[in-house]
Amino acid sequence: MNPISFLTQMIRIAVPYLFAASGGVIAERSGIISLSLEGYMLTGAFSATLGAHYSGSAWIGVLAGMFGGLIFGLIHAVASIRYRADQVVTGIAINLLAIGVTRFFLKLAFASSSNSPRVAGFGGNINAHGFDNPLLWMGLLVAPVLAFLVYRTPFGLRVRAVGEHPAAASSLGIKTSLVQYVAVAISGILAALGGVFLALDQHQFTDQMTAGRGFIAVAAVIFGRWDPVRAALACLLFAAAETLQIQLQGNQLIPSQFIEMIPYALTIIALAGVVGRAVPPAALGKAAE
Amino acid sequence: MSSRFRENIEEALFPPLVALLVALICGDLLIMSYGQSPAIVYRLLLEGTWGNAYGFGQVLYKATTLIFTGLAVSLGIRAGLFNVGAESQLAAGGFLAALLGLALSPSMPGILAVFLCIIAAIIGGAIVGAIPGWLKVRFGAHEVIVTIMLNFIVLALLNYIVAAKLHVPETLHTPEIGNGGLARLESFIPAFHGSAANLTIVVALIAAALTWIYLFKSRRGYEMRAVGLQPEAAEYGGVNVGATWMRAMVLSGAIAGLGGINYVLGYKYYYEEGFAGGSGFLGIAVALVGRNHPLGVVLAALFFATLSQGGLAIHAFVPKQMVEVLQGVVILAVAMSVPEVRAALRRARKPATA
Amino acid sequence: MTAPPTAMGGRENLAIRMEGIDKTFGSVRANRGASLEVRSGEIHALVGENGAGKSTLMKILGGLQKPDAGQMEVNGRDVTGWSTSDAIAAGIGVVHQHFMLVPTLTVAENIVLGMEPRNGIQFDYAKAVADVQKLSADTGLAVSADSKVSDLSVGEAQRVEILKTLFRGAKILVLDEPTAVLSPPEVRELWAVLRKLRDAGGTIVLITHRLDEVIEISDVITVMRAGQTVDRLQTSDTTPAQIARAMVGRDVVLSSRDEASALGARTEGDDATVGSGFHPSDDMTSAIRVNDLVVMGSRNTRAVDGVTFSIRPGEILGIAGVEGNGQTELIEALAGLRPIASGLMRVNGHDVTAENVSERRDAGVSHIPEDRHRRGLILDYSVADNLVLGLQGDYSRRGILAGTRIEENAQKQIETFDIRPPSKELPARALSGGNQQKVVIAREMGRSFSILLASQPTRGVDVGAIEFIHSQLREARAAGKAVLLISAELKEILALADRVAVMYRGKLTKVMPIESADEETLGEYMTGSRSESAA
């Protein structure tokens, strides 16, 4: 096993997680439960494919993907904030909706139940190991940028305040709902970019291509204790385990299914507080006043 | 008294009605975007489901699984817990039933074998349900995330066991159970010929009845609902909240696990990878639309099953994926309308001031 | 009742003028035509018991609530119904009783939140720290700007809250029960700060029920009671007794029976026990005996700090006191809802210290909780179901609820206790406060018990139901039950109790026979201006 190839493959696998987990972090830090990352990702992947297909340009695809994620993020935000719907239910609903919508329009636009035609994308140069894909670079930068946003900007401070103690924030005149809307919109866009990467890297959209990555991102958010950098490290950890399993395929040392379980098992352990407590933002999931 | 009864009905029925309305409007839009006429498509949907015996049989079959998962989720919610793990509890139940079925000797009388397999299904689901229950009581770990994570873990584990040890070559399923299973309805009612509907529907209805009795007529059910409504008052009433949570998760898992027999004992007579097919998650929608009441769950299960089967029936006109979109829309609409309706009704009927 | 005297001098000096303020929450009228006049540059105390409406009035001033009726002026400007941002901009700073601080953020972050100094797009944290340190030095309010709020002591956290308001240029400071969580030296520090702020031209409104402190620090006092403003006094001209009288009096017309009892028309002799309160024979004769009970409260404090008392069968022990002095924790511990940190509790000679709620119920302890909406009733359950809450085990057979017995019980209780409307299927939510309380009482007193823990039994209950509840308590005494009555209503205690104790800051300060107790004396104990310990 070649360390270079291990690293490059690990990074390629990590990028969707990095995008989605970053989205999850900002939304949950503002107090909104984000189980809908999977849905945002899938929407982003499909929208990007649509955009790239009709425009012939991968970058238009990126914009289209971001837009798709934004729309779904706003749906989630309106349902959770304005209508105070149960945030777990809306998260699951968004995921189901994304599956349905992408499949429906897949049929409508491409007359297929399984995949789109080949579209313009990024990368493709084997020797570049994926590093000729600008989205890969963006993916690597997303966590530090988000960390900056959360810890070094006034907006980030307000997000953290609203997620911990919304009453304190509103007593100082901060519009907590607005903060949450923006945070969820950002999360939709970021998570969607994870899907955009997937689709444009493969130059096509396939049905349910996100395959549960959104939930690994949720695991990363929790395992990373809602901190952008820690969540990113968790993403890398999970990606490393996945890469290990792929590259060791022949050896069958540990069955692949057990490697699959790692992110989820680690998250449960984190929640049980066996290795230090994973404490969510105090106001997570409670509809703001 | 009758006005309070009416208020209860209002609060219970408005959200699903709102959801139905929204679904209809959405359906219209999607159908028209495909250049079809909603009226024709809806009629076709009804004909393909309730309009013919085969279709109705399929509706019953699909509804059966949804009744189990819907009951499971709604029981948890009555106790104040959100069980998102019905999918893996369902799979685990089906798996254990299939496993036992394989292990039993073919000479054992069919009825006894089926009965034991049913017990196995219940145990399978109960075990998977107990884990998040224990973690919540002991560590305060939130059951939503634990059940979501556990879904993946359990499904991966089952995948491994089947793929590595138990599967029939070239397939993703276990060998067939020799003792037979639950008879198909077609053996009693020839009209159902070809459909997967089987006696499990009877088990499902019995389960719904038993759940109703448990929740509303039993002591533990009284305590469980109290914990879900006002845990502090339940505590005051001497109820052990932690034990109640544990009970709720175990029962919830057990009911979901029981649902596995629909496929494993009633349809294919083996366990197959992925047989749950999202029924666990849809159970959440069923519980929500059914307002967490066993009767509502049965009706909601029939509704979603009709949608699902109807999608197949109209496939020539509109992609069946439209149904999936409608599912998501209905769930969102109901979720949004529940707090809204409650607030509006509360505003409308101000309490009399002393 | 005559209108309270108004401020002297012209209106121009008024920093705050509130008049005719009404505010209702659901069925609770928190403010009824309340008024307040505060002149610039004075320290003004707003006093009253819990539920008097002080906090609500100040929330309206601070823009956190809007009044249903009435007017408000700040520095001569009409500001009725303004928002928190308006209030902050106009120089009003509110320091809440329950701190509005984000625990995971630092002091500096909390203080500048909402008006963060910037350096380009960045939040200039260094400047925030520097600004906070400067303000801290200028005002003498020592804080460590870089510490996380969750690490602070209560006194420090309060200083941060005050700095938060000063940072926004507050000239009118409202502090809601600031000393509730402070130790005596911290209180003295706070006074120094407040005096300094006043001397610098600030106006301070202090919400409190601690009269010793009011006398110490304030210039003017406004007294509120039951949502209304009842008196206005110059601190230099008044006495604690006068203030206490204004605070605790009630103008509800009592029944003649209650009046007679309050005037001492009773037949049973009482032991004139003062001090630790038990005889050698107490073990045998006391229905409930409590020794050196310690119960922990929030923030690791001792909410109940070594309480000892006993109650004999056929006796009512009344514990008076303003809420927040440990009564809630005491009664919850006695009922089994809160762990007893140390000490002993015996019921009919039998040690129940380690027993849970059900076991204590079986031992004969009935509990009328102070918050029927949170503890005492499940609002969505029917009246019939509520009438067996805590007794569901007795009313079931082999796991199934005995529906007929439950209905019969409900029918009987509804008739006996005259619960209206007389429907057992109605959800408890639909009943009035008085009838809801009757359901609780019917349940707790309609079964076989030997000890009754009654906490604020007539709170939020109409006059007719009050009379009924009082007669029920008397009947229980006559039937040989031991009753612990905790109430913030002095007249209630005086009308019903055989012996009275006062709870202040977690300790039982004095147990006395009813003959030696009167409103004024008790009022003084209740508000801390007199204290003789029980043990």
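The rules we used
- Note that residues are indexed from 1 along each chain, following the sequence as it is written.
- Going through the entries in the order they are written, you letter the chains from A and number the ligands from 1.
- Two thresholds apply to this predicted model, a pLDDT of at least 70 for residue-level local features and 80 or more for giving and counting side-chain atom pairs, whereas whole-chain, interface and lining totals are computed over all residues.
- Runs of E in the DSSP output that reach at least two residues are strands. Runs of H or I that reach at least four are helices, and both are numbered from the N terminus.
- Contact criterion: two residues are in contact if their C-beta atoms, reconstructed from the backbone, are within 7 Å.
- Atoms counted for the radius of gyration: C-alpha only. Globule rule: 2.2 Å times the number of residues to the power 0.38.
- Any residue with 12 or fewer other C-beta atoms within 10 Å of its own C-beta is exposed, any with 20 or more is buried, and the rest are partly exposed; the C-beta atoms used are placed from the backbone.
- Each residue is assigned to one class: nonpolar for Ala, Val, Leu, Ile, Met, Phe, Trp, Tyr, Cys and Pro, charged for Asp, Glu, Lys and Arg, and polar for all the others, Gly among them.
- Reported domain spans reflect what an automatic or database domain assignment gives.
- To define axes, lines are fitted to C-alpha atoms, for helices over the stretch in contact only, and angles between the resulting N-to-C directions are given on a 0 to 180 degree scale.
- By the definition adopted for this analysis, an angle is roughly parallel if under 35 degrees, roughly antiparallel if over 145, roughly perpendicular if from 65 to 115, and oblique otherwise.
- Note on convention: the crossing is left-handed when the near helix lies turned anticlockwise from the far helix by less than a right angle, right-handed when the turn is clockwise.
- When DSSP finds two or more bridges between two strands, those strands count as paired.
- Connectivity within a nonpolar core runs through C-beta atoms within 7 Å, and the core itself is a set of buried Ala, Val, Leu, Ile, Met, Phe, Trp, Tyr and Cys residues.
- If you view a crossover with the strands going away from you and the path from the first strand over the helix to the second runs clockwise, you call it right-handed.
- Multiplying 1.5 Å by the residue count of a helix minus one yields the expected span of that helix.
- A residue's bend is the angle separating two fitted axes: one through the seven residues that end there, the other through the seven that start there.
- The directions from the helix axis to the C-beta atoms are what the arc is built from.
- pLDDT is a residue-level measure of predictor confidence that goes from 0 to 100.

Draft legend 1. Fine view of the overall build of chain C. Along its length, chain C carries 19 helices and 24 strands. Across chain C, the fraction of contacts at a sequence separation of at least 24, relative to all contacts at a separation of at least 6, is 68%.

Draft legend 2. Highlighting the overall build of chain A. Helix and strand content of chain A: 11 helices and 0 strands. Scaling as 2.2 N^0.38, a compact globule of 289 residues should have a C-alpha radius of gyration of about 19 Å, and chain A matches this with 19 Å. If you line up chain A on its principal axes, its C-alpha atoms span 55 × 45 × 30 Å. Burial statistics for chain A: of 289 residues in total, 62% are counted as buried. Put simply, of all contacts in chain A between residues at least 6 apart along the chain, 77% involve residues at least 24 apart.

Draft legend 3. Structural view of the interface of chain B and chain A. Each side of the interface is counted separately: chain B has 36 residues, and chain A has 35 residues. With 13 residues, the top contributor of residues to the side of chain B that touches chain A is helix α14 (residues 321-348) of chain B. A breakdown of the residues in the side of chain B that touches chain A according to their chemical character gives 29 nonpolar, 5 polar and 2 charged.

Draft legend 4. Fine view of the domain arrangement of chain C. Residues and elements named next belong to chain C. Domain assignment breaks chain C into domain 1 (22-91 + 171-249), domain 2 (103-169), domain 3 (256-364 + 449-526) and domain 4 (382-448). Facing 10 residues of domain 1, the contacting portion of domain 2 comprises 9 residues. Residue contributions to the side of domain 1 that touches domain 2 peak at 3 residues, all from helix α6 (residues 184-199).

Draft legend 5. The arrangement of the packing of helix α1 (residues 3-29) of chain A against helix α9 (residues 213-223) of chain A in detail. Residues and elements named next belong to chain A. Interhelical geometry of α1 versus α9 gives an angle of 55° and a closest axis separation of 8 Å. By the criterion of interaxial angle, the relationship of α1 to α9 is oblique. Crossing of α1 against α9: the hand is right-handed. Contacts between α1 and α9 involve P16, Y17, A20, A21, G24, V25 and E28 on the former and, on the latter, R213, G214, I216, A217, V218, A220 and V221. The residue inventory of the contact of α1 with α9, partitioned by class, reads 10 nonpolar, 2 polar and 2 charged.

Draft legend 6. Structural detail: the environment of C:R198. Residues and elements named next belong to chain C. Locating R198 in the fold gives a position in helix α6. A tally of 18 C-beta atoms within 10 Å means that R198 is categorised as partly exposed. The spacing of R198 and I172 is 26 residues in sequence and 9.5 Å in space, taken between C-alpha atoms. Filtering out sequence-adjacent residues up to four positions away, R198 remains in contact with G41, I43 and I204.

Draft legend 7. Inspection of the sheet that holds strand β9 (residues 172-176) of chain C at higher detail. All names here are of chain C. Pairing is mixed in the open sheet, where 6 strands are placed in the order β6-β9-β10-β3-β11-β12. Across the chains shown, the open sheet's two edge strands, defined by having one partner strand only, are β6 (92-95) and β12 (228-234). In this sheet, neighbouring strand axes are inclined to one another by 20° on average, regardless of whether the strands run parallel or antiparallel. Pairing of strand β3 (residues 43-47) with strand β11 (residues 220-225), which is carried by 4 bridges, proceeds in the parallel orientation.

Draft legend 8. Here's a closer look at the environment of B:I77. Residues and elements named next belong to chain B. Relative to the assigned elements, I77 resides in helix α3 (residues 53-78). Separated by 28 residues in sequence, I77 and S105 have C-alpha atoms that sit 40 Å apart. Those residues in contact with I77, other than ones at most four positions away along the chain, are F82, G228, A287 and N292.

Draft legend 9. Representation of the sheet that holds strand β4 (residues 69-74) of chain C within the structure. All names here are of chain C. What the 4 strands build is an open sheet, ordered β2-β1-β4-β5; its pairing is antiparallel. Sheet topology places β2 (28-39) and β5 (77-78) at the edges, where each strand pairs with a single neighbour. Here 5 bridges tie strand β1 (residues 14-25) to β4, and the two strands are oriented antiparallel to one another. Looking at the pairing, E19 lines up with Q71 of β4.

Draft legend 10. Up close: the nonpolar core. Counting 393 residues, the largest nonpolar core has A:Y17, A:A21, A:A220, A:C235, B:A301, B:A335 and C:L485 as the members making the most contacts within it. The element best represented in this core is helix α8 (residues 176-202) of chain A, accounting for 16 residues. In contact with B:A301, not counting residues within four places along its chain, are B:A63, B:L66, B:I67, B:G70 and B:V286.

Draft legend 11. Quick look at the interface of chain A and chain C. Between chain A and chain C, the contact holds 15 residues from the first and 18 residues from the second. Mapped by element, the contributors of at least two residues to the side of chain A that touches chain C are α6 (154-164) and α7 (166-171) of chain A. It is α6(A) that provides the largest number of residues to the side of chain A that touches chain C, a total of 5 residues. Classifying every residue of the side of chain A that touches chain C gives 8 nonpolar, 4 polar and 3 charged.

Draft legend 12. Quick look at the pairing of strand β21 (residues 451-455) of chain C. All names here are of chain C. Burial within β21 is extensive, with 5 of its 5 residues counted as buried. Side-chain alternation along β21 places I451, L453 and S455 on one buried face and L452 and A454 on a second face that is also buried. The sheet contact formed by strand β18 (residues 365-368) and β21 spans 4 bridges and is parallel. By the bridge assignment, I368 is partnered in β21 with A454. Taken together, β21, helix α17 (residues 463-478) and strand β22 (residues 482-487) form a β-α-β motif whose crossover is right-handed.

Draft legend 13. Broad picture of the pairing of β22(C). Residues and elements named next belong to chain C. Counting buried positions over the 6 residues of β22 gives 6, a clear majority of the element. Side chains of β22 alternate between two faces, with A482, L484 and I486 and V483, L485 and S487 buried alike. Bridge count between strand β15 (residues 315-320) and β22: 6 bridges; the pairing is parallel. If you follow L317 over to β22, its bridge partner there is L484. Note: β21 against β22, 5 bridges, orientation parallel. In the sheet register, I451 faces β22, and the bridge partner there is A482.

Draft legend 14. Local environment of the packing of helix α5 (residues 134-152) of chain A against α6(A). All names here are of chain A. Between α5 and α6, the shortest axis-to-axis distance is 5 Å and the interhelical angle comes to 75°. By the angle between their axes, α5 is roughly perpendicular relative to α6. Facing α5, whose interface residues are L149, V150, Y151 and R152, α6 presents F155, G156, V159 and R160. Here the contact of α5 with α6 is composed, by residue class, of 5 nonpolar, 1 polar and 2 charged.

Draft legend 15. Structural view of helix α11 (residues 256-272) of chain A. Residues and elements named next belong to chain A. With 17 residues, α11 extends 25 Å from end C-alpha to end C-alpha; this agrees with the ideal 24 Å at 1.5 Å per step. The principal kink in α11, of about 40°, is found at I262, preceding the proline P263 by one to four residues. When α11 is considered as a whole, its buried residues turn out to be E260, M261, I262, P263, Y264, L266, T267, I268, A270 and L271. The positive-phi residue at the C-terminal boundary of α11 is G273, with phi of around 75°.

Draft legend 16. Layout of helix α7 (residues 200-217) of chain B. Residue and element names in this part refer to chain B. Here α7 contains 18 residues, and its C-alpha end-to-end distance of 25 Å stays within 8% of the 26 Å for a straight helix at 1.5 Å per residue. If you check which residues of α7 are buried, you get T200, I201, V203, A204, A207, A208, T211, Y214 and L215. An end-on view of α7 places all buried positions within 150° of arc, on one side of the element. In α7, the exposed positions angled more than 90 degrees off the buried face are occupied by V202 and I206. On its buried face, α7 is in contact with α3, α8 (219-229), α10 (241-258), α11 (261-264) and α13 (294-313).

Draft legend 17. Highlighting the environment of C:A495. All names here are of chain C. Mapped onto the secondary structure, A495 falls in helix α18 (residues 490-496). With 22 C-beta atoms counted inside 10 Å, the residue A495 sits in the buried group. Separated by 19 residues in the primary sequence, A495 and I514 place their C-alpha atoms 9.1 Å from one another.

Draft legend 18. Spotlight on unusual backbone geometry. Note that the residue after C:R420, namely C:P421, is joined by a cis bond; omega there is -5°. Tracing the chain through its elements places C:P421 in the loop between α15 (403-416) and α16 (433-445). A positive phi angle, close to 50°, is found at B:R291, a residue other than glycine. Residue class for B:R291 comes out buried when judged on the 21 C-beta atoms lying within 10 Å of it.

Draft legend 19. Focus on the confidence of the model for chain C. Residue and element names in this part refer to chain C. Per-residue confidence for chain C gives a mean pLDDT of 84; residues scoring 70 or more make up 89%. Averaged pLDDT values over the elements of chain C bottom out at 46 in helix α9 (residues 256-262) and peak at 96 in helix α3 (residues 107-112). This model gives residues 250-283 a pLDDT under 50, and the stretch forms 41 contacts once residues within four places in sequence are excluded. If you check the scores for this complex, the pTM reads 0.85 and the ipTM reads 0.88.

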